[in-house]
Amino acid sequence: MTPRPGGADAPLVDRVETAVYTVPTDAPEGDGTLAWDETTLVLVTAVSGRTRGLGHTYGAPATAAVVDQLLAGVVTGRSAWDVPAANEAMSRAVRNAGRPGLVAQALSAVDIALWDLKARLLDLPLTRLLGATDPAVPVYGSGGFTPYDDARQDRQLRDWAQTLGIARVKIKIGGRRGREEHRDLHRIAAARRSIGDTTELYVDANGAYTRKQAVRVARAFEEHGVTWYEEPVSSDDPAGLAQVKAATTADVAAGEYGYTLPYFWHMVTAGAVDCLQADATRCGGITGWLRAAALAEAAGLDISGHCAPHVHAHAAAAVPNLRHLEWFHDHVRVEDMLFDGVLDPAGGTVSPGASGAPGHGLEPRPGAAERYRVR
């Protein structure tokens, strides 16, 4: 018999474990402000009896040490039903360690693992536990990294738009911290040729441009039907985002570097975005992501899930103001390599929970993953 939530026989979190995997990219990757050739996934496992819940984030290996040293002891021995209580206890415990940044990512991964654990204990898909607004979650293909040449970009975009039937795709612009405007515009025009007239085209400058430069570039790319302009200026500059938003027809989006709810409040009250982004692997896990979605809804805004698609999918299905979920090439590839139970984006949507598997449905692939384990 399943224990009743809140009862004396509620299952407890027995322990929390961590592992770190670093996977080389399949080609050099980069955006307007950063370049990389490997991606590190920090895996957190929350254990109750024979049941395990999984959560992960992407970041430095030191994130696992934060879980081990600051957070594991906080949640161990707590009721596995009361995930928001555990989230609050962790937030209080890391006050002096500094909540934003790497610490928030560690907290987020534990929160995700606890939600997965709760759903598995109840033998429910996470989307059933949270409650679905729409079981079909729209996705957009995301990649088009700045180091790509025209041929590689073309292959990737055609695969999303034509092979998989994804109706919206995104490329990175702002190369060399905004010093490659001409190449940016060339790549945008090439992207439109690759995907045709009916697929939506998105761009992401990762904060590489100055305010007026961002406006100037936007006016130049309007002829190519760009409808999404992500981080045209730094996400730490909400006034600048608002200025660009007022000067372009594309929807301005930002929020992926929000680690706390007040950050999203400031973004919303500044009128900085047309669509708020939030990343559950950074903003406090599923608990924090759902709160950010509610804040956006109260302001009349949609929310978009940033990266880590298999972390977000079930929560994304639960909110009425979802715009879409980022099907990010780098993270999709890593999650495909390390886990079974991944989702299929064919047709431009994913259906979390449709398989009936409990939790978020991911299962580690030990044989495939061990070669990439670094901790």
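Residues numbered from 1 in each chain as written. Predicted model: local features only at pLDDT ≥ 70, side-chain atom pairs only at ≥ 80, totals over all residues. Heavy atoms only, no water.

Draft legend 1. Structural detail: helix 2 (residues 83-93). Along helix 2, the positions that sit buried rather than exposed are Val83, Ala86, Asn87, Ala89, Met90 and Ser91. Contact partners of the buried residues in helix 2: helix 1 (62-75), helix 3 (102-121) and helix 11 (285-298). (Buried < 20%, exposed > 50% of the residue type's maximum accessible area, 1.4 Å probe, protein only. Helix = DSSP H or I, 4+ residues; strand = E, 2+ residues; numbered from the N terminus. Contact = heavy atoms within 4.5 Å.)

Draft legend 2. A look at helix 12 (residues 309-316). Counting buried positions along helix 12 gives eight out of eight residues, so the element sits mostly inside the fold. Taken together, the buried positions of helix 12 are Pro309, His310, Val311, His312, Ala313, His314, Ala315 and Ala316.

Draft legend 3. Seen up close, the sheet that holds strand 2 (residues 35-48). The strand order across the open sheet built from three strands is 1-2-3, with neighbouring strands paired in antiparallel fashion. Lying at the two open borders of the sheet, with one neighbouring strand each, are strand 1 (15-30) and strand 3 (51-58). Between one strand axis and the next, the sheet turns through 20° on average, direction left out of account. Sheet topology places strand 1 next to strand 2; 12 bridges connect them, and they run antiparallel. Residue pairing in the sheet places Thr18 in a bridge with Val44 of strand 2. Its contacts with the sheet put helix 1 on strand 1, strand 2 and strand 3, and the angle it makes with strand 1 is roughly 150°. (Pairing = 2+ DSSP bridges. Axes fitted to C-alpha atoms, helices over the stretch in contact; angles between N-to-C directions.)

Draft legend 4. Representation of the pattern of salt bridges within the structure. Within the structure shown, the criterion is met by 21 salt bridges. Here Arg152 ties to Asp26 by a salt bridge, and the two come within 3.9 Å at their closest N and O atoms. Note that Arg152 is positioned in helix 5 (residues 150-163) and Asp26 in strand 1, a separation of 126 residues in sequence. In this structure, Glu181 engages Arg216 in a salt bridge whose closest nitrogen and oxygen atoms are separated by 2.9 Å. In this pair, Glu181 sits in helix 7 (residues 181-195) while Arg216 sits in helix 8 (residues 211-221), placing the two residues 35 residues apart along the sequence. Look at Glu181 and you get partly exposed, because its relative accessible area is 23%. On the basis of relative accessibility, which here comes to 45%, the residue Arg216 falls in the partly exposed class. One continuous salt-bridge network, built from bridges that share partners, spans Lys170, Lys172, Asp204, Glu230 and Glu326. (Salt bridge = Lys/Arg side-chain N within 4 Å of Asp/Glu carboxyl O.)

Draft legend 5. Region of interest: the confidence of the model for the chain. The predicted model of the chain has a mean per-residue pLDDT of 96, with 98% of residues at 70 or higher. Segment residues 1-5: pLDDT under 50, and nine contacts once partners within four positions in sequence are set aside and those in other chains are kept. (pLDDT = per-residue confidence, 0-100.)

Draft legend 6. Geometry of the state of the cysteines. Scanning the model with the defined rule gives zero disulfides in all. No disulfide involves Cys275; its sulfur sits 14 Å from that of Cys283, the nearest cysteine. Here Cys283 stays unpaired: no disulfide links it, and the sulfur of Cys307, its closest cysteine neighbor, is 13 Å away. Note on Cys283: relative accessible area 4%, which makes it buried. (Disulfide = S-S within 2.5 Å.)

Draft legend 7. Representation of the environment of Ala250 within the structure. Inspection of the secondary structure assignment puts Ala250 in the loop between helix 9 (238-247) and strand 8 (251-254). Once the C-alpha coordinates of Ala250 and Thr227 are considered, the two residues, 23 residues apart in sequence, prove to be 4.3 Å apart.

Draft legend 8. Spotlight on the nonpolar core. Among the nonpolar cores identified, the biggest contains 99 residues, and Tyr229 and Trp289 are the most heavily contacted of them. By residue number, the principal contributor to this core is helix 3, which donates 11 residues. Residues Trp36, Tyr148, Cys307 and Phe328 belong to the second largest nonpolar core, which totals six residues. (Core = buried A, V, L, I, M, F, W, Y, C linked by side-chain atoms within 4.5 Å.)

Draft legend 9. Broad picture of the pairing of strand 3. When you tally the buried positions in strand 3, you get six out of eight residues, the bulk of the element. Pairing geometry for strand 2 and strand 3, over eight bridges, is antiparallel. When the bridges of strand 3 are listed, Ala46 appears paired with Gly53. Turn length for the strand 2-strand 3 hairpin, with the two strands adjacent in sequence and antiparallel, is two residues, and the turn residue Gly49 shows positive phi of about 60°.

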